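# Reading the structure
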Amino acid sequence: MSDLESIKPILVLGANPAWQKTLFFRNFAYGDVNRSCRMETYPAGKGVNFCRAAKIWGRIEPELFQFAGGVNGKLLRDGLEREELAAVTVPVAGATRCCTTCLDESTRTMTELIEPSHAVSEAEAAQLLQAFETALAGASGAAVCGSLPDGSSYSIYHRAAELAHKAGVMILFDAWQNIEPCLSAGKNILKINRQELSKMTGISDLRAALKALFSRFELQFAAITDGAGCAYASNGKTLFTYTLPPVAEVVSPLGCGDTASAVLLSEVVAGTPFEYAFQQALGAASANCLNGVSGSFDRSTAVKLSAKITVSCGEL
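Not measured: the values here are computed from a predicted model.

### What to know about the overall build of the protein
Helices and strands together make up the secondary structure of the protein, namely 10 helices and 14 strands. Relative to its length of 316 residues, the protein is compact, with a C-alpha radius of gyration of 19 Å against a globular reference of 20 Å. For the protein, the residues scored as buried account for 53% of the 316 residues in total. Of all intrachain contacts in the protein linking residues separated by at least 6 positions in sequence, the fraction that spans at least 24 positions is 67%. For the protein, the centre of its 27 positive side-chain charges and the centre of its 31 negative side-chain charges are spaced 3 Å apart.

### Things to note about the sheet that holds strand 2 (residues 18-25)
Read from one edge of the open sheet, four strands run 3-2-6-7, paired in mixed fashion. Where the open sheet ends on each side, the last strands, each with one partner, are strand 3 (38-44) and strand 7 (109-114). Between one strand and the next, the sheet's axes are offset by a mean angle of 20 degrees, whatever the strand orientation. Here strand 2 pairs with strand 3 via seven bridges, running antiparallel. What sits directly across from Thr22, in strand 3, is Glu40.

### A look at the pairing of strand 11 (residues 221-225)
If a strand is regular, its side chains alternate between the two faces of the sheet. Counting buried residues along strand 11, five of its five residues qualify, which places the element largely inside the surrounding structure. Of the two faces of strand 11, the one holding Phe221, Ala223 and Thr225 and the one holding Ala222 and Ile224 are both buried throughout. Of the pairings in the sheet, the one linking strand 10 (residues 188-193) to strand 11 comprises five bridges and is parallel in character. In the sheet register, Lys191 faces strand 11, and the bridge partner there is Ala223. With three bridges joining them, strand 11 and strand 12 (residues 231-234) adopt antiparallel strand pairing. Residue pairing in the sheet places Ala223 in a bridge with Ala233 of strand 12. Counting the residues in the hairpin turn of strand 11 and strand 12 gives five residues, including Gly227, whose phi is positive at 60 degrees.

Calculation rules
Residues numbered from 1 in each chain as written. Predicted model: local features only at pLDDT ≥ 70, side-chain atom pairs only at ≥ 80, totals over all residues. Heavy atoms only, no water. Helix = DSSP H or I, 4+ residues; strand = E, 2+ residues; numbered from the N terminus. Rg over C-alpha atoms; globule rule 2.2 N^0.38 Å. Buried < 20%, exposed > 50% of the residue type's maximum accessible area, 1.4 Å probe, protein only. Contact = heavy atoms within 4.5 Å. Lys, Arg positive; Asp, Glu negative; His and termini not counted. Charge placed at Lys NZ, Arg CZ, Asp CG, Glu CD. Pairing = 2+ DSSP bridges. Axes fitted to C-alpha atoms, helices over the stretch in contact; angles between N-to-C directions.

Have a look at this one:
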């Protein structure tokens with residue numbers, strides 16, 4: 001029996017998906033006419049990217065919970081079906097946003113253009129949360145990924161956390177704004193980047209910020225990324241520091257954090273020790289840089305990159 005058959009799925013609440021257009025330029029000039037040399041289009045948003053990465057990793061099957069509307073919403077749903085990514089989609093009145101990314105291949109710099117999204121109604125939110133609650137009975141874990149549609153109530157995330165806690169399901173948060181009520185109880189993992197950690201705690205020093213997290217919130221683990229720099233993880237007692245190997249020929253950094261979240265939660269709910277699960281997650285995130293689709297990577301390359309990561313530990 002395979003892992004996908006033996007372990008219950010991960011539920012992924014990705015409430016603010018997008019239709020992604022990535023334009024590649026040999027040289028991008030601000031304030032000028034720029035003609036792209038190629039383009040990638042596909043379903044995206046943090047929840048979608050998480051599910052794509054989790055499916056590629058192959059440890060546990062993900063199931064996405066999202067809102068979608070308008071022409072972009074149809075493109076999104078059709079794209080997910082082609083990729084065979086399981087999704088519960090609540091149709092909404094507002095149109096799904098389109099995100100356009102401009103990548104300069106000469107400098108490896110990226111410019112993102114993000115359309116506004118539209119607030120979901122109370123009835124639309126209730127419909128998604130009802131489906132999420134029903135599915136929790138058969139879930140091994142859950143994830144809350146990214147922002148909500150503009151103007152939507154954060155009670156959507158607060159209620160999702162309450163439901164997961166009540167069901168005894170571990171939940172990972174790849175989000176930081178207005179999630180404090182979500183972290184008051186239950187089995188929680190927080191995976192954010194270093195800048196978000198500083199904003200969330202108001203503390204710039206990494207060690208002090210992590211101590212503040214564990215004193216203020218109910219957390220089992222925290223995992224902190226910092227792009228190509230060192231990454232960090234803690235259980236509230238020990239601080240693990242990860243030094244990443246350089247990655248040659250970076251194509252796009254889009255989706256690296258989402259990939260890390262997907263592999264991290266997949267491994268943790270499968271029983272892998274947290275500190276090693278995060279090392280594997282960082283290897284997959286590095287591998288994600290080598291192609292133009294968010295949350296996509298070669299698994300064997302991810303494993304090789306993970307083995308090159310050095311890990312040190314000390315008291316938090």
